[in-house]
Amino acid sequence: MKGVVVTRFGGPEVLEYREMEVPMPGPDQVLIRTKATGVNFADIKGRYGQMHGSAPPPYIPGLDVAGVVEVVGKDVTKVRPGDAVIAFPLTGSYAEYVVASEALTFPLPEGIDFETAAACPVVSLTSYMLLAHVARMAEGETVLIHAAAGGVGTTAVQLAKILGAKLVIGTVGSEVKKEVAKEAGADHVINYEQEDFVSQVLAVTDGKGVDVILDSIAGEVTEKSLKCLAMYGRLVNFGIASGTPGKVLTTDLHASCRSLLGFSLGTTRKERPHLLEEPAKKVLRLIAEGRLRMFIGQRFALAEAAQAHRFVENRLSTGKVLLLP
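Residues numbered from 1 in each chain as written. Predicted model: local features only at pLDDT ≥ 70, side-chain atom pairs only at ≥ 80, totals over all residues. Heavy atoms only, no water.

Things to note about the packing of helix α3 (residues 121–134) against helix α4 (residues 151–162)
Then, number 1: Interaxial distance between α3 and α4 falls to 9 Å at its minimum, and their mutual angle equals 50°. As summarised for this structure, α3 and α4 are arranged oblique, according to the angle between their axes. Remark: the crossing between α3 and α4 carries right-handed chirality. Between α3, through Val 123, Ser 124, Thr 126, Ser 127, Tyr 128 and Leu 131, and α4, the contact on the second element is made entirely by Gly 151, Val 152, Thr 155, Ala 156, Leu 159 and Ala 160. (Axes fitted to C-alpha atoms, helices over the stretch in contact; angles between N-to-C directions. Helix = DSSP H or I, 4+ residues; strand = E, 2+ residues; numbered from the N terminus. Parallel < 35°, antiparallel > 145°, perpendicular 65-115°, else oblique. Left-handed = near helix turned anticlockwise from the far one by under 90°. Contact = heavy atoms within 4.5 Å.)

Focus: the sheet that holds strand β12 (residues 229–237)
Hydrogen bonding along the main chain pairs the strands of a sheet, whether they run parallel or antiparallel.
Then, number 1: If you trace the 6 strands from one edge of the open sheet to the other, you get β10-β9-β8-β11-β12-β13, paired in parallel fashion. Across the chains shown, the open sheet's two edge strands, defined by having one partner strand only, are β10 (188–191) and β13 (259–262). Between one strand axis and the next, the sheet turns through 15° on average, direction left out of account.
Then, number 2: Against the sheet, helix α5 (residues 175–184) touches β9 (167–172) and β10, its axis set at about 160° to β10. (Pairing = 2+ DSSP bridges.)

What about the environment of Lys 224?
Then, number 1: Looking at the element boundaries, Lys 224 is found in helix α7 (residues 220–225).
Then, number 2: The exposure class assigned to Lys 224 is partly exposed, which follows from its relative accessible area of 24%.
Then, number 3: In contact with Lys 224, other than residues within four places in its own chain, are Asp 196, Phe 197 and Val 198. (Buried < 20%, exposed > 50% of the residue type's maximum accessible area, 1.4 Å probe, protein only.)

As for the state of the cysteines
Then, number 1: Following the criterion strictly, the structure yields 0 disulfides and no others.
Then, number 2: Note on Cys 257: no disulfide assigned, nearest cysteine sulfur contributed by Cys 228 at a separation of 18 Å.
Then, number 3: Relative accessible area serves as the criterion here: at 35%, Cys 257 is assigned to the partly exposed category. (Disulfide = S-S within 2.5 Å.)

A look at the packing of aromatic side chains
Then, number 1: The full count for this structure, using the stated rule, is 1 aromatic pair.
Then, number 2: Over the aromatic face of Tyr 48 sits the side chain of Arg 47, whose NZ or CZ is 4.6 Å from the ring centroid.
Then, number 3: Directly above the ring of Phe 295 sits Arg 293, whose terminal nitrogen or CZ lies 4.0 Å from the centroid. (Phe/Tyr/Trp six-rings, centres within 6.5 Å; stacked < 30°, edge-to-face > 60°. Lys NZ or Arg CZ within 6 Å of the ring centre and 35° of its normal.)

Brief notes about the nonpolar core
Then, number 1: The biggest cluster of nonpolar side chains holds 54 residues, and the ones touching the most others in it are Ile 86, Phe 88, Val 143, Ile 145 and Leu 214.
Then, number 2: Broken down by secondary-structure element, the contributors of at least two residues to this core are α2 (114–119), α3, β8 (142–145), α4, β9, α5, β11 (210–215) and α9 (277–288).
Then, number 3: With 8 residues, α3 is the largest single contributor of residues to this core.
Then, number 4: In terms of nonpolar packing, the next biggest core, distinct from the first, is built from 31 residues, Ala 95, Ala 306, Val 312 and Leu 323 among them. (Core = buried A, V, L, I, M, F, W, Y, C linked by side-chain atoms within 4.5 Å.)

This is how it looks when you write it as structure tokens:
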């Protein structure tokens, strides 16, 4: 089979498309023939060796996949050969065949095509768990979503609305991305390159601030976000795209009853994979019913993984970027 390998830590040039052996599943694992896989920002961070738990090179990058089950281990009961599934592979998804644990493999409902399916695992499960499980967003609350035109952003905007948010505000870095966030359903979108998002959020919320903030950027964005977080509000950090950690004073939290929370889908997959089963069923049902849309921004051939990484790394992408074998 063909696949992509990170040969050493570095830029997109370290990605090599090469021939490799087809992996074989263990007793509680499945072999999946890849139909499409997504490019996640974590793939970029991992390629530089900056992701927590990054594997040492050489390794196959990629977090999620959509495909068809080819072989199942002797202890597998949830899926069988021929089933269409999404999964989080054990050793990367940039390959024509991947192996995944049964616990991290989820059957696809009828009506979901493979490209839509490949766009959803990381972004939909992350978005749902951020809002419903970590922030515990309640109906009628207000939500601020940073990077609202990206894969997680466009999904979280929709899910916030589905879960009953009264007002969803997004921040983006360009006018083009502004339109993408609006198309996803954001009520108000702020171009942080041209506007101060803190003053804009306070203006839109009559000075009260928002109840929930989803922050994958960290650094100064986290620090400024606290200035527009309402009393009893929850800020959830789930990434460090800026490359700089944010600094928070405890005095910014206790008197206002506000909370600063953290979430990692990678940690949850590793430590508590059972927590993903119910969210996976819910988001897949929403997609199958047409209530949740996956925004696909660009498609590349698997052999063009380096070009896809440059595209994402240069902040040119909106929605989800896919690799097709």
